[in-house]
Amino acid sequence: MRDFSTIRKDFPILFQEVNDEPLVYLDNAATTQKPTQVLDVLRHYYENDNANVHRGVHTLAERATEDYENSREKVRAFIHAKETAEVLFTRGTTTGLNWLARSYGDAFIKEGDEIVISYMEHHSNIIPWQQLVERKGAKLRYLPLTDEGFIDMAAAKEIINEKTAIVSLAYVSNVLGVINPIKELAEMAHANDAVMIVDGAQAAPHMTVDVQELDADFFAFSGHKMCGPTGIGVLYGKRQWLEQMEPVEFGGEMIDFVNLYDSTWKELPWKFEAGTPNIAGAIALGAAIDYLNEIGMENIHHYEQELVAYVLPKLREIGGVTIYGPQDPEQHTGVIAFNLENIHPHDVATALDMEGVAVRAGHHCAQPLMNYLNLPATARASFYFYNTKEDADRLIEAIQATKEFFKDGAI
Ligand SMILES: Cc1ncc(COP(=O)(O)O)c(C=O)c1O
């Protein structure tokens, strides 16, 4: 196992000063930094193997295709899918969820069907369903949350019923830091002949994912949140569904035969991947998976829990800090949304940046959640495995300094 105290050196971007202070990067829920191991693979690909995939017979094209497809196998193993045919490369979680609303939605959703999501969803797991229900005359329903931000499972038992056609939920919230009981919710969905769609954007980077164990019908995630590049992501789908679904995009790469007035598609997974894909991105995502596997997803999860158990009580000790989501560190992932009494979260984030600490402030692409909690916005610190207890201390010190700075209402 890699030693967490030396892992930082793999991330050159972390060794810089921001506003004359050493950078502390705590915006990992938005995007993560990239280790040299991934950057080297990107560079190596473009310097040595760059060619289009599935087209040429020349050596470079064969190398590029082999590396691209090897990456698909790495993804399959990473999420414990049955076969690579079930692993589709996308641009990211948003694309995956939009494809589902279009493709699965158009094929299977009828007037009167209900699609169940929750109040904690990211906009990309809300808007595609709003659009779908409008097209189909279906209905969107929301699972309520408990005070600590867990899905209210008693309400879920009522709301997920024989009218439900899709249940689509985040595995891990990008605001509240909760892990949702997807397996149990998938059982409820399946008992009502509905499919279970999982937004895995905040889960795949931080914990072991087993789509078969969860019995998820679909699972979407993004490479850039797990040390990979932007513009590459994955949509997993069970073969039984993907075979019945139509592609969302049409063109090169995805066809078998093209006649004047009709065409046929390639087999899975390529029928969904129209046009030249993000080849370098997919290969670098494979490198990111190798990198994460070397550390071990269980180790990453435990280490992040350790950081959270360290930082939550210190945050609470400051006074005047409201922490959203579960209060027990055991139940809280590395995403910590908070507010400082009488200081707007944007001011908090700006003041922390002055101290070299990067956090996010705003609605976190979860406006319905903000309304549900009756909040305009929050600040959010999100940890990853390359963060340290020293980073947590810097956050705490910077928050204390911010509180002091705004004490007299000064800006
Ligand atoms: C829970 C969740 N879902 C979906 C997304 C969208 O991911 P992307 O912008 O990579 O498509 C995010 C990104 O912040 C997220 O946190």
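Labelled according to an unreviewed UniProt entry, the protein chain appears under the name cysteine desulfurase, originating from Candidatus Enterococcus murrayae. What UniProt records for the protein chain under Catalytic activity (unreviewed entry) is the sentence "(sulfur carrier)-H + L-cysteine = (sulfur carrier)-SH + L-alanine". Reading the Sequence similarities (unreviewed entry) entry of the UniProt record for the protein chain gives the comment "Belongs to the class-V pyridoxal-phosphate-dependent aminotransferase family. Csd subfamily."

Enquirer: Can you lay out helix 10 (residues 297-318) for me, pointing to particular residues and giving the numbers?
Expert: Taking 1.5 Å per residue, 22 residues should reach 32 Å; helix 10 reaches 32 Å between its end C-alpha atoms and fits that length. Restricting attention to buried positions, one finds in helix 10 the residues Met297, Ile300, His301, Tyr303, Glu304, Gln305, Leu307, Val308, Val311, Leu312, Leu315 and Ile318. If you follow the buried residues of helix 10, they end up packed against helix 2 (59-79), helix 9 (279-295), strand 13 (321-323), strand 14 (335-340) and helix 13 (389-405). Where helix 10 terminates, the next one or two residues include Gly319, which has phi positive at roughly 85°.

Enquirer: Could you give an account of the nonpolar core, naming the residues involved and the relevant values?
Expert: Residues Leu185, Phe219, Phe385 and Leu395 are the most contacted members of the largest nonpolar core, which totals 113 residues. Element by element, the count of residues in this core is highest for helix 9, at 12 residues. Residues lining this core come from more than one domain, with at least three contributed by each of domain 1 (4-30 + 296-406) and domain 2 (39-293). Leu395 has contacts with Leu26, Val311, Leu352, Val357, Val359, Ala381 and Phe383, leaving out every residue within four places of it along the chain. If you look at the next biggest cluster of nonpolar residues, it comprises 27 residues, including Ile109, Ile126, Ala165 and Trp241.

Enquirer: So what's going on with the environment of Ser168? Which residues, and what values?
Expert: Mapped onto the elements of the fold, Ser168 is located in strand 7 (residues 164-170). Ser168 gets classed as buried once you look at its relative accessible area, which sits at 0%. Those residues in contact with Ser168, other than ones at most four positions away along the chain, are Leu97, Val116, Ile117, Glu121, Asn125, Trp129 and Ile197. A polar contact is formed between the side chain of Ser168 and the side chain of Asn125, at a distance of 2.7 Å.

Enquirer: Give me the site of the ligand: which residues, what numbers.
Expert: Every residue near the ligand is listed here: Ala29, Thr93, Thr94, His122, Ser124, Asn174, Asp199, Ala201, Gln202, Ser222, His224 and Lys225. The contact in question runs from a nitrogen atom of the ligand to an N or O atom on the side chain of Asp199, over 2.5 Å. Measuring from an oxygen atom of the ligand, one finds a side-chain N or O atom of His224 at 2.7 Å. For the ligand, whose unbound accessible area comes to 400 Å², protein coverage reaches 86%. When grouped by side-chain class, the residues that make up the shell around the ligand number two nonpolar, eight polar and two charged.

Definitions and cut-offs
Residues numbered from 1 in each chain as written. Predicted model: local features only at pLDDT ≥ 70, side-chain atom pairs only at ≥ 80, totals over all residues. Heavy atoms only, no water. UniProt positions renumbered as here; feature names shortened; annotations may be inferred. Helix = DSSP H or I, 4+ residues; strand = E, 2+ residues; numbered from the N terminus. Expected span 1.5 Å × (residues − 1). Buried < 20%, exposed > 50% of the residue type's maximum accessible area, 1.4 Å probe, protein only. Contact = heavy atoms within 4.5 Å. Core = buried A, V, L, I, M, F, W, Y, C linked by side-chain atoms within 4.5 Å. Domains from an automatic or database assignment. Polar contact = N/O pair within 3.5 Å; in protein donor to acceptor, adjacent residues only side chain to side chain. Near = heavy atom within 4 Å. Areas by Shrake-Rupley, 256 points an atom, 1.4 Å probe, with all protein chains shown as cover. Nonpolar A, V, L, I, M, F, W, Y, C, P; charged D, E, K, R; others polar.

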